[in-house]
Amino acid sequence: MGPEHIVKVEGLTHDYGEVVALRNLNLTIPPGVTGLVGANGAGKTTMLRILLGLLHPTGGRSLVMGNDPELDPLVVRAQMGYMPEGQCLPKDQTAADFVSYAAQLAGLPKREARRRSSETLFLVGLEEERFRFLGDFSTGMQQRVKLAQAIVHDPDLLLLDEPASGLDPAGRTQMLQLIRRLGEFDINVIVSSHVLTDIEETCSWVVMLDAGDLLRSGPLQNFEKHGTVHVEVLEHGERLAQRLTNRGLGVTLEGVRLVVGPGDETLEQAIIEESVAADTGIVRLTRGSESLEDLFLAPQEVTE
Amino acid sequence: MTNQVIYDRGYRKYDGPKSGPKGARRAVYNDGVRRVLGLGRKARMKIFPWSLITIAVIAAAVFIGIHWAIGNIDESLRQGIPTYGGLFDFYSAISLLFIVLAGPLLLIPDRNSGALSVYFSRPLTVDGYLGSKVGAFATVVGAIYIVPQLLLHLGLGLISDDGFLRYMGDNIDVLWKVPVTTAAFVGLHGAIVFILSTAIGRTGIAAAVFFGITTAGSGIAAGVSTLSFPGADWVSLLAVDQHPRIIRDFLFEDTVEYPAEAAGFEVWASVVFILVLVAIAAWFVRSRYRKLA
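Just so we're clear, the structure is a prediction, and the values are computed from it rather than from any experiment.

The rules we used
Residues numbered from 1 in each chain as written. Chains lettered and ligands numbered in written order. Predicted model: local features only at pLDDT ≥ 70, side-chain atom pairs only at ≥ 80, totals over all residues. Helix = DSSP H or I, 4+ residues; strand = E, 2+ residues; numbered from the N terminus. Buried ≥ 20, exposed ≤ 12 C-beta atoms within 10 Å, placed from the backbone. Contact = placed C-beta atoms within 7 Å. Nonpolar A, V, L, I, M, F, W, Y, C, P; charged D, E, K, R; others polar. Pairing = 2+ DSSP bridges. Axes fitted to C-alpha atoms, helices over the stretch in contact; angles between N-to-C directions. Arc of directions from axis to C-beta. Domains from an automatic or database assignment.

### Observations regarding the overall build of chain A
Broken down by element type, chain A carries eleven helices and 13 strands. The principal-axis extents of the C-alpha atoms in chain A amount to approximately 75 × 45 × 40 Å. Relative to its 304 residues, chain A shows a buried fraction of 49%. Summarising the internal contacts of chain A: among those between residues at least 6 apart in sequence, 69% fall at separations of at least 24.

Pasting the structure below:
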C-alpha cells in the first residue's frame with residue numbers, strides 16, 4: 001500500500017525580499033499525476049524548488065515522501081526527478097551520454113545507467129537520435145531529453161516545470177501523452193503549467209495558485225462536478241426552464257436548448273424529474289464540464 | 001506472411017543499488033575528466049588536449065634519448081642536460097595551455113547551459129560538485145606533469161650505468177619532490193583559473209585573462225617591485241608565476257633568482273602565498289556556486 005500523500009505542506013511561505021512568492025500554503029498532494037497551475041509568477045517554480053530542497057522557505061515546512069527537504073535534501077533528491085522549465089542541456093554531449101550521466105548522478109552504476117539511458121530515450125521517442133549531439137536538437141526533441149533525464153533513474157516523484165513550454169501543437173500533444181503514460185507506469189508526477197488545458201488533459205489532482213496564494217486544491221472530478229448540463233428537449237423548453245428556475249437552478253434557454261447549472265452530480269436527476277413534471281421529452285442531456293480556466297478566473301474558497 | 005508485432009517496451013522500474021551522493025560525486029569527476037580530454041565530444045574538442053598530451057610524452061622520450069646519446073659520448077656531459085627540476089619549466093608551459101583549456105571548460109559550460117539545475121536536483125551538494133571538478137582538474141593537469149616525469153625517471157633508470165635498481169635507490173627523493181612541485185604548480189594555476197572561470201561567463205575571455213595574469217601580470221609585478229617606494233618588496237609577491245618555481249628550485253636546484261627572492265622573501269613566503277590563494281579561491285568559488293544552486 002502506497003503513502004497517503006506524497007507531498008504535505010504546512011504554512012509554507014517564501015518571499016524574495018518584498019515580493020511574496022508563496023503565502024501560508026497548506027495542502028496535501030496524493031499519489032498520481034497532479035497539476036500545479038497558475039499564471040506566470042504564481043509561485044509554481046518556487047514551490048517546486050522548495051520541494052527539491054534547493055530553496056529554503058521563509059516560513060512553514062514541507063514533507064516530500066515523508067522527508068523534509070530542508071533537513072534531508074539529499075535523501076529527498078535521491079527519490080525525485082526534475083525537469084526544469086529553462087534550458088538545461090549541454091550542447092556538446094550526445095543525448096545518450098547526457099541521460100546516462102544524469103542517471104549516474106542519481107547513483108546508478110555506469111553500465112545500468114547506459115542501459116536505462118537507451119530505454120528511456122526509446123520511451124520518449126528518441127531512440128534513433130540518441131547519439132546525436134544535443135546542440136543539434138530541435139526544441140521538441142530537447143524537451144523529450146529533459147523528460148528522459150528526469151525519469152531515467154526511476155524516481156518516486158517527478159517534478160515537471162512547464163514541460164510543454166515552447167512546443168508547437170503537435171509537440172505539445174505528444175508531450176502530454178508522455179506525461180499521461182508516466183501516470184500509467186505508477187510514477188507520481190507534479191506538473192507545473194500555466195496552460196490550464198494541459199492540466200485538464202493530464203492530471204487527476206489539481207492545485208491552483210495565484211500570486212502566491214492557494215486558490216483550490218482537489219481532485220479534478222470535483223472541479224468537473226461543478227460544471228453545467230446541456231439539455232435539448234422536443235418541446236416546452238420554456239416550461240422546463242421555469243420549473244428548474246423555481247428549483248433554484250441557473251438556466252439559460254435558447255429555443256429547445258437549455259444550459260442548466262452549474263451543479264453537482266444531482267443536477268442530472270433534477271432535470272429528469274422536472275422534465276417529467278413539465279411533460280417534455282429529452283433529446284440529449286450532456287454534462288459540459290466547467291473548464292479549469294473558468295474556475296481559475298472565478299476563484300472560490302480554498303478547498304481540499 | 002508472418003505476424004509481426006512491435007512491442008512497446010514501456011518503462012522498466014529500477015530496484016538495483018543506488019550509490020547516492022558518493023556516486024553523484026564520482027559521476028561529476030568522471031564527466032570532468034572526459035570533458036577536458038574531449039571524450040564523448042566532437043572531434044575538434046579532442047585535438048587540443050591530445051596534441052598537448054602527445055607533445056608532453058614525446059618530449060619525455062626525447063629527453064631520455066638525449067641523456068642516452070650524450071651519455072654514450074661522455075657521461076660528464078649529462079650533468080648539463082636538464083632533468084626533473086629543469087623539466088618543470090617545459091611542462092609548466094604545456095600545462096599552462098592545458099589549464100587554459102581545462103579550467104573554463106570544467107565550470108563555464110555547466111553554468112551557461114543551465115545544466116546545474118539538473119545536477120543539483122540530484123543527491124549532489126555544491127561542495128561535492130566543486131570537489132569533483134577540482135579532482136578532475138588536478139588529475140588531468142597533474143598527470144601532464146607527473147606522467148612524463150615518471151617516464152623520464154624510468155627511462156633514466158634504464159640507461160643508467162649504475163643499473164636500474166641502483167638508480168631508483170639513489171633518486172628515491174624524486175618520488176616525493178615531483179608530486180610536491182606538481183602540487184605547487186597545480187595549486188597556484190588552479191586557484192587562479194577557478195576564480196576566473198567562476199567570475200567570467202565566456203571561456204575565451206577567462207583564458208585570456210588567465211594568460212594575462214600569469215605572464216604579463218607577473219612581469220609587471222616583477223618590474224614594479226624593483227622600483228624604490230615603500231612596500232615595493234611586497235609587490236614582488238604579486239608576480240604569481242614565480243612561486244611554484246621558487247618551490248621547485250628549493251627542492252631541486254637553483255636556476256635563477258626570482259623577484260620575491262631578490263626582495264628577501266624565503267621559500268615559505270611562496271608556500272604561504274599559494275595556500276592563501278587556494279583558500280581565497282575555495283571561498284570565492286564556493287560562495288558563488290551556493291547562490292547558483
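That was the structure; now back to the text.
### Details of the interface of chain B and chain A
At the interface, 33 residues of chain B touch 36 residues of chain A. Counting only elements with at least two residues in the side of chain B that touches chain A, the list comes to helix H1 (20-37) and helix H4 (116-119) of chain B. At six residues, the largest contribution of residues to the side of chain B that touches chain A is made by H1(B). Along the lines of polarity and charge, the residues of the side of chain B that touches chain A split into 15 nonpolar, ten polar and eight charged.

### Quick look at the sheet that holds strand E7 (residues 188-193) of chain A
All names here are of chain A. Taking strand neighbours across the sheet as the criterion, the six strands line up as E5-E6-E7-E3-E8-E9 in an open arrangement whose pairing is mixed. Looking at which strands have only one partner, the edges of the open sheet turn out to be strand E5 (80-83) and strand E9 (213-219). Put simply, the sheet's adjacent strands are angled 15° from each other on average, direction ignored. In this structure, E5 lies alongside strand E6 (residues 157-161), joined through four bridges in parallel fashion. From the neighbouring strand, Met-83 faces E6, where its bridge partner is Leu-160. Across the sheet, helix H6 (residues 169-184) lies against strand E3 (33-37), E6 and E7, angled at about 155° from E7, the strand it touches most.

### Details of the sheet that holds strand E4 (residues 59-64) of chain A
The pairing of strands in a sheet comes from backbone hydrogen bonds and takes either a parallel or an antiparallel form. Residues and elements named next belong to chain A. Strand order in the open sheet made by the three strands is E2-E1-E4, with antiparallel pairing throughout. Taken across any chain shown, the strands that pair with only one partner, and hence form the sheet edges, are strand E2 (19-29) and E4. Between one strand axis and the next, the sheet turns by 20° as a mean value, whatever way the strands run. The pairing of strand E1 (residues 7-16) with E2 spans seven bridges and is antiparallel. Within E2, the position partnered with Val-7 by the bridge is Ile-29. Helix H1 (residues 44-52) contacts E1, E2 and E4 of the sheet and is inclined by roughly 115° relative to E1.

### Description of the pairing of E1(A)
All names here are of chain A. As defined by bridge partners, E1 adjoins E4 across five bridges and the pair is classed as antiparallel. Of the residues in E4, the one forming a bridge with Glu-10 is Arg-61. Taking the residues that link successive antiparallel strands as the turn, the E1-E2 hairpin has two residues, and the phi of Gly-17 there is positive, at about 70°.

### Observations concerning helix H10 (residues 267-277) of chain A
Residue and element names in this part refer to chain A. Every buried residue belonging to H10 is among Leu-267, Ile-271, Glu-274 and Ser-275, and all of these are buried. Relative to the axis of H10, the buried residues are bounded by an arc of 105° and lie together on one face. Turned more than 90 degrees off the buried face of H10, the exposed positions are Gln-269, Val-276 and Ala-277. Of the residues trailing H10, Asp-279 is marked for its positive phi of about 55°.

### Some details on the domain arrangement of chain A
It is common to report an interface's size as the accessible area lost on association of the parts. Considered domain by domain, chain A is made up of domain 1 (7-223) and domain 2 (228-288). Its C-alpha centre places domain 1 of chain A at a distance of 43 Å from the equivalent point of domain 2 of chain A.

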